[in-house]
Amino acid sequence: MAVKKLIHVAVAVIVRGGRILIARRPEHVHQGGLLEFPGGKVESGETVQQALVREIAEETGLRVPAETLEPVIGIRHDYGDKQVFLDVWQTAAAEGEAEGREGQPVFWLTPEELRDEDFPAANRPIIRALRLPRTLHITGSLAGPGEGECRLDQALQRVTDGLVVLRAPGLVPEQYRRLVSMALARCSGSSVGVMLHGGPALLSEFTEADGLHLPWREAERLSGRPVAGNVRLGVSCHSAEQLRQAERLGADYAVLGPVLPTASHPGEPTLGWEAFEQLVAAARLPVYALGGMQPGHIAKARALGGQGIAGIGFWW
Ligand SMILES: Nc1nc2c([nH]c(=O)n2[C@@H]2O[C@H](COP(=O)(O)OP(=O)(O)OP(=O)(O)O)[C@@H](O)[C@H]2O)c(=O)[nH]1
C-alpha cells in the first residue's frame, strides 16, 4: 500500500470584534460543502506565515501583516483519502473588508457558534482551542476546617477570566460540595468558569459548573465520554498513552506534565519542553503545560503547539 503524503495546510483564524471569519468550501472539492477557516496548502519554498498571508489575500482579499500571526494549534488528521497537517495561526490585525474572492460565501461567527458537525472532522480540536482560555487555574491546598472557603474566596478574587479547576483531594465529599457551591455562587455572572475535579457523578449535582476535569485515575477506567457535549471535559495526562485515552474519551483539553520542577510535587521526574513539544505534536486535542509554570511561559507553551499553561503556584 502506498504511503500517503502528509499535506501541510496553513489555516487562518481571522478575529475581528470577537468573531471569526468562516467560509463555505465549494461542493466539488475535498470536504466540499462544509465550513472552513480560510487557508490552503503550503507551497514548496514557502514558510507557513507566507502561505497564510497569500491564501488569506487570494481567498478573502484581506491583508495580514505576517508578524501579527500567532500559533493556535497543529493537528494531524487522516481522512482516508488524504492525510493533512493543519497548521493553525491566528491574527486580529487583518486589514480590509472580507469577501469570498473564489465565489465562496464568507461570514463572521463567534467561537460558540462554531458547530463541530458543520466543519471537516479535523477541525474539532481547533474549535475547542478557540473556546479555551490560555490559563487554567488549579486550586492548591485547601486543608483545615473552614479555612478552605476563605482561602478559595481570596484566590478567586485574583482571577478575572478563564477557568478554575476546583481540585481538593484532601476534602471529604461534603466539604468539597460546600466549596463547589461557594465557588459557583462567586463566579456566577463573571467570565470565570468552574471545572469540577473528580468523577462524572459530580457534574449531575452541579449543572451550573463549566465542566468536569478528570484526574488520570478516573480517566483510565472510562471507555467513552462521560459527560454531554455541551459541557467541557478535561483530563490530566503524563504520557503519550494517556493523551490517546483523553482523545478516546472525546476530551476538550488535556493537561500534560510536569513539564518543569514544581514546589507542589517536589522530586517528581519532569518531561522538559522538548518532550512536551513532541507529545503535543502528536495530540489531537488542545494541551496545557503543567508544572513550574509562570505567566511568562504562556508564549513558550503556545510556540511549542500547546494551548497555554496550567498550575497552582502562579495564582494560588
Ligand atoms: N482551508 C482549510 N482546509 C481545511 C480545513 N479543515 C480541513 O480539514 N482542511 C483540509 O485541508 C486541505 C486544504 O486544502 P485546500 O483545498 O483548502 O487547499 P488549496 O486551496 O491549497 O488546495 P487545491 O489547490 O488543491 O484546491 C483539504 O484537504 C481540506 O479538507 C479548514 O478549516 N480550512
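Reading guide: rules and limits
- Residues numbered from 1 in each chain as written.
- Predicted model: local features only at pLDDT ≥ 70, side-chain atom pairs only at ≥ 80, totals over all residues.
- Heavy atoms only, no water.
- Helix = DSSP H or I, 4+ residues; strand = E, 2+ residues; numbered from the N terminus.
- Buried < 20%, exposed > 50% of the residue type's maximum accessible area, 1.4 Å probe, protein only.
- Contact = heavy atoms within 4.5 Å.
- Areas by Shrake-Rupley, 256 points an atom, 1.4 Å probe, with all protein chains shown as cover.
- Lys, Arg positive; Asp, Glu negative; His and termini not counted.
- Charge placed at Lys NZ, Arg CZ, Asp CG, Glu CD.
- Near = heavy atom within 4 Å.
- Polar contact = N/O pair within 3.5 Å; in protein donor to acceptor, adjacent residues only side chain to side chain.
- Domains from an automatic or database assignment.
- Buried area = accessible area lost by both parts, 1.4 Å probe.
- Salt bridge = Lys/Arg side-chain N within 4 Å of Asp/Glu carboxyl O.
- Phe/Tyr/Trp six-rings, centres within 6.5 Å; stacked < 30°, edge-to-face > 60°.
- Lys NZ or Arg CZ within 6 Å of the ring centre and 35° of its normal.
- Arc of directions from axis to C-beta.

J.: What exactly am I supposed to notice about the overall build of the protein here?
T.: Helices and strands together make up the secondary structure of the protein, namely nine helices and 15 strands. With the C-alpha coordinates of the protein rotated into their principal frame, the extents come out at 65 × 45 × 35 Å. By residue count, 51% of the 316 residues in the protein fall in the buried class. Residue pairs at least 24 apart in sequence account for 62% of intrachain contacts in the protein once pairs closer than 6 positions are excluded. Only carbon and sulfur atoms are counted for the fraction: they give 52% of the accessible area of the protein, which is about 14,700 Å². Of the charged side chains in the protein, 32 are positive and 37 negative, and the gap between their average positions amounts to 2 Å.

J.: Sorry if this is basic, but what is going on with the site of the ligand here?
T.: Near the ligand you find 17 residues, and of these H30, F37, K41, Y79 and N123 are the closest. The contact in question runs from an oxygen atom of the ligand to an N or O atom on the side chain of H30, over 2.7 Å. Contact distances for the ligand include 2.7 Å between a nitrogen atom and a backbone N or O atom of F37. Surface burial for the ligand is 79%, taken as the share of its 640 Å² of free accessible area covered by protein chains. Among the secondary structure elements, those contributing two or more residues to the shell around the ligand are β4 (39-41) and β6 (83-91). For the shell around the ligand, the element with the highest residue contribution is β4, accounting for three residues.

J.: Teacher, can you tell me more about the domain arrangement of the protein here?
T.: Along its sequence, the protein is organised into domain 1 (6-124) and domain 2 (135-311). For domain 1 versus domain 2, the distance between C-alpha centres works out to 29 Å. Counting residues at the interface gives eight residues for domain 1, matched by 13 residues for domain 2. A buried area of about 730 Å², summed over both sides, lies between domain 1 and domain 2, and 36% of it is on carbon and sulfur atoms. In this assembly, domain 1 and domain 2 are joined by zero salt bridges.

J.: Teacher, can you tell me more about the packing of aromatic side chains here?
T.: Pairs of aromatic rings are described using the distance from one ring centre to the other and the angle between the two planes. Scanning all chains against the criterion turns up four aromatic pairs. Residues W273 and F276 carry aromatic rings whose centres are separated by 5.6 Å and whose planes lie at 90° to one another, so their mutual orientation is edge-to-face. Here W273 pairs with F276, and both are found in helix α8 (residues 272-282), just three residues apart, close to one helical turn. Taken as a pair, W273 and F276 share a single burial class, namely buried. Ring geometry for W315 and W316: centres 5.3 Å apart, planes at 65°, overall edge-to-face. For the pair W315 and W316, a shared accessibility class is recorded, and that class is buried. Above the ring of F85, the side-chain terminus of R76 is found at 4.6 Å from the ring centroid.

J.: Help me understand the side chain of Q104, please; the structure alone is not making it clear to me.
T.: If you trace the backbone, Q104 turns up in the loop between β6 and β7 (106-109). Here Q104 falls in the buried class, since its relative accessible area comes to 8%. Engagement of the side chain of Q104 in a polar contact is seen with the backbone oxygen of E59, the distance being 3.0 Å. A polar contact of 2.9 Å, which involves the side chain of Q104, links it to the backbone nitrogen of E102.

J.: What is the right way to read α8 from this model?
T.: Turn by turn, an α-helix covers 3.6 residues, leaving residues three or four places apart pointing in a common direction. Buried residues of α8: G272, W273, F276, L279 and V280, and no others. Buried residues of α8, seen end-on, are gathered within an arc of 130° and therefore sit on one face of the element. Looking at α8, the residues exposed on the side facing more than 90 degrees away from the buried face are E274 and Q278. The secondary structure elements touched by the buried residues of α8 are α7 (240-248), β13 (253-256), β14 (287-290) and α9 (298-303).

J.: Looking at this model, I keep getting lost on the pattern of salt bridges. Mind explaining?
T.: A side chain with one charge may pair with a side chain of the opposite charge, provided their charged atoms come close. This structure, assessed with the given rule, holds 22 salt bridges. Notably, a salt bridge pairs D116 with R124, separated by 3.6 Å at the nearest N-O pair. The class for D116 is partly exposed, based on a relative accessible area of 27%. Look at R124 and you get partly exposed, because its relative accessible area is 30%. The partner of R232 in a salt bridge is D210, and the shortest N-O contact between them spans 3.1 Å. Of the two residues, R232 is situated in strand β12 (residues 232-237) and D210 in the loop between α5 (201-205) and β11 (211-214); the sequence distance between them amounts to 22 residues. On the accessibility criterion, D210 (26% relative accessible area) is partly exposed.

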